[in-house]
Amino acid sequence: MAAMNENAVIQGYGQGRLNRDGIRIHDPEDFEGMRVAGRLAAQILDRVVPLVTPGVATIELDSAIHDMIREAGAKSATVGYKGYRHASCISINHVVCHGIPSEKRLREGDILNIDVTVIVDGWYGDTSRMYVAGKPSRKAERLIDITHDCLMEGIAAVRPGNTFGDIGAAIQRHAEGHRCSVVRDFCGHGIGRVFHSAPNVLHYGRPGTGPVLEPGMFFTIEPMINIGRAETKILDDDWTAVTRDRSLSAQFEHAVGVTEDGCEIFTLSPAGLFHPTWARD
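Residues numbered from 1 in each chain as written. Predicted model: local features only at pLDDT ≥ 70, side-chain atom pairs only at ≥ 80, totals over all residues. Heavy atoms only, no water.

Q: Would you mind going over the overall build of the protein with me for this structure?
A: Helix and strand content of the protein: four helices and 18 strands. The C-alpha atoms of the protein give a radius of gyration of 17 Å, which matches the 19 Å a tight globule of 281 residues would have. Evaluated residue by residue, the protein yields a buried proportion of 59% over its 281 residues. Carbon and sulfur atoms make up 49% of the accessible area of the protein, which totals about 11,500 Å². Separation between the mean location of the 29 positive side-chain charges and that of the 36 negative ones in the protein comes to 5 Å. (Helix = DSSP H or I, 4+ residues; strand = E, 2+ residues; numbered from the N terminus. Rg over C-alpha atoms; globule rule 2.2 N^0.38 Å. Buried < 20%, exposed > 50% of the residue type's maximum accessible area, 1.4 Å probe, protein only. Areas by Shrake-Rupley, 256 points an atom, 1.4 Å probe, with all protein chains shown as cover. Lys, Arg positive; Asp, Glu negative; His and termini not counted. Charge placed at Lys NZ, Arg CZ, Asp CG, Glu CD.)

Q: Whenever I open this one, the sheet that holds strand β6 (residues 95-97) confuses me. Can you help?
A: Paired through their backbone hydrogen bonds, the strands of a sheet run either parallel or antiparallel. Here three strands make up an open sheet; going across it, the order is β6-β15-β14 and the pairing antiparallel. Strands with a single pairing partner mark the edges of an open sheet, and in this sheet they are β6 and β14 (232-234). Recorded for the sheet is a direction-independent mean angle of 40° between the axes of neighbouring strands. Note that β6 and strand β15 (residues 241-243) share two bridges and pair antiparallel. By the bridge assignment, V95 is partnered in β15 with V242. (Pairing = 2+ DSSP bridges. Axes fitted to C-alpha atoms, helices over the stretch in contact; angles between N-to-C directions.)

Spelled out as structure tokens, the structure:
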């Protein structure tokens with residue numbers, strides 16, 4: 001689940017230490033907790049793949065996800081979070097993020113982001129990816145490709161000594177180089193034994209700016225990329241964010257940890273289904 005792009009973030013729990021920027025530096029043994037939580041979240045999204053078909057209601061997908069989480073002996077981080085009642089966010093077409101599962105049924109060619117966060121032994125595994133109901137349009141397929149590559153460009157910039165501005169700049173450069181826009185109203189966030197913590201991980205920026213990356217930092221990178229303009233608005237339900245111009249939007253999210261020489265992705269798809277290339281078959 002994306003964080004609002006604002007200064008206030010939740011802080012404070014027992015592991016590791018806070019650096020001068022208020023970002024938690026986790027201990028080496030903390031990586032294992034994130035691996036377990038991240039792998040479960042990714043496995044659940046793998047299991048959702050065959051369920052995404054034209055005619056299925058998004059509430060049915062959410063119910064299946066909630067069952068999977070309970071069967072694994074884990075908890076959903078989103079059920080009860082600030083009053084939210086579902087185990088996933090499902091964002092269709094021009095919905096940027098935080099789409100609420102409902103009786104709405106998917107139509108042929110719909111693209112959708114499904115975002116899941118689980119809690120395993122106190123550690124949060126947070127990831128999202130794109131799905132397609134049936135066959136996507138060429139325009140939608142192109143947006144999905146660009147958004148996936150934006151995420152991977154951002155991850156490639158994660159290594160000690162680089163800055164959070166380097167991550168954002170890499171994402172922005174790739175998106176705008178393909179004539180797409182980067183949503184600025186929402187951002188990635190620190191994660192670990194709390195859902196949202198410092199830092200705010202912006203998906204745009206200038207190289208060399210922002211806090212310096214250090215081994216032991218855990219955070220999400222989750223760019224939201226629009227075919228049209230970047231501006232969003234939140235609907236009357238106080239959750240669903242949509243593009244103001246109703247252009248298509250896409251998002252991919254990984255949770256990562258900074259290592260001594262690069263980064264570890266905690267939410268890799270065990271089945272290799274993170275990018276919906278299967279939709280092209």
